[in-house]
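Analysis of the macromolecular model
Here are the chains, one letter per residue:
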Amino acid sequence: APEEPGFTGIGVGGAGFIKGNSAENVERCLMSLLEWDIHDYKSIELIGRAQVDKRWAYALRFTPQQGDPQVRYYDMENHLMVRMDQLLHYRMAKDLPEKAYAVASYFRNYRQLGTLKLPHEIVISHDPELVFELTHVKYGEEIPDSAFHD
């Protein structure tokens, strides 16, 4: 089957990458917006504040029970997540050593969608930069199981 534009199947076990970013990273960014259960984390610490897109934000380190910590930045006025820094691990082949690189994801253009306020733009800073734009949302639509399988 032909691959989608901008999607390459490199990585261990056929894990896909979109312009150098793993599909898992993109999914992690989206899921972090809706995460509410903090029991998966050993600790969550306020580590400082920083400017993100010319606005002040609180920086919190989320240390999971397993895996690498993430730093999430929350706007100091509206408390929405505006940035997330994380490490991505990859191998070009099973017999090669694992490598890691830092990725910053920016969440912009928040809008109300029903009872949720979600960003309509997610920018993953990498070379090249990857931009996701939410253009259409449907509520109450059934999604067939086949949409989640290859």
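Residue positions within a chain follow its written sequence, with the count starting from 1. The predicted nature of this model means local features are confined to residues of pLDDT at least 70 and side-chain atom pairs, given and counted, to a pLDDT of 80 or more, with totals for whole chains, interfaces and linings taken over all residues. The side-chain numbers reported here are obtained from all heavy atoms of the structure, hydrogens and water having been left aside.

1. Things to note about the overall build of the protein chain
When its secondary structure is counted, the protein chain shows 1 helix and 10 strands. Secondary structure counts use DSSP, requiring at least four H or I residues in a row for a helix and at least two E residues in a row for a strand, with both numbered from the N terminus. Starting at the N terminus and ending at the C terminus, the protein chain contains elements arranged as β-β-β-α-β-β-β-β-β-β-β.

2. Some words on unusual backbone geometry
You will see that H79, though not glycine, has its phi angle at about 65°, which is positive. Mapped onto the fold, H79 is located in the loop between β6 (70-75) and β7 (81-90). If you check the backbone angles, N109 has positive phi at about 55° while not being a glycine. By secondary structure assignment, the location of N109 is in strand β8 (residues 99-113).

3. Structural notes on the pattern of salt bridges
Where charged atoms from two side chains of opposite charge approach closely, those side chains can pair. We define a salt bridge as a side-chain nitrogen of Lys or Arg found within 4 Å of a carboxyl oxygen belonging to Asp or Glu. Counting across every chain of the model gives 6 salt bridges. Here R55 makes a salt bridge to E77, at a shortest N to O gap of 3.7 Å. In this pair, R55 is assigned in strand β5 (residues 55-64) and E77 in the loop between β6 and β7, connecting sequence segments 22 residues apart. Throughout this description, buried means an accessible area under 20% of the type-specific maximum (1.4 Å probe, protein chains only), exposed means over 50%, and partly exposed covers the range between. Residue R55 is classed as partly exposed on the basis of its relative accessible area, which comes to 36%. Close ionic contact of E121 with R108 constitutes a salt bridge, the shortest N to O distance being 3.8 Å. With E121 in strand β9 (residues 116-125) and R108 in strand β8, this residue pair connects regions lying 13 residues apart in the sequence. For R108, a relative accessible area of 27% translates into the label partly exposed.

4. Things to note about the confidence of the model for the protein chain
With 77% of its residues at a pLDDT of 70 or more, the protein chain shows a mean pLDDT of 78. Scored below 50 in pLDDT, residues 1-20 makes 34 contacts in the model with residues more than four places away or belonging to other chains. Confidence scores per residue from the predictor, reported as pLDDT, run from 0 to 100. Two residues form a contact once any of their heavy atoms are found within 4.5 Å.

5. Quick notes on the pairing of β9
A regular strand places its side chains on the two faces of the sheet in alternate fashion. Any two strands between which DSSP finds at least two bridges are classified as paired. Of the strand pairs in this sheet, β8 and β9 are connected by 9 bridges, and their pairing is antiparallel. Considered in β9, the bridge of A104 is made with S125. Linking two consecutive strands that pair antiparallel, namely β8 and β9, is a turn of 2 residues; a positive phi of about 65° is found at G114 within it. Here β9 runs beside strand β10 (residues 130-133); their pairing, made up of 4 bridges, is antiparallel. Its bridge partner lying in β10, I122 is registered against F132. Where β9 hands over to β10, the hairpin turn is made up of 4 residues, counted between the paired strands.

6. Section: the side chain of D75
Within the fold, D75 resides in strand β6. Once you skip the residues sitting within four places of it in the chain, D75 turns out to touch R55, W56, A57, L80 and V82.

7. Some points on the environment of K117
As for its position among the elements, K117 is in strand β9. On the basis of relative accessible area, K117 is assigned to the partly exposed category, the value being 44%. For the pair K117 and L33, spaced 84 residues apart in sequence, the C-alpha separation works out to 9.5 Å. Among residues more than four places away in sequence, those in contact with K117 are L80, Y110, R111 and Q112.

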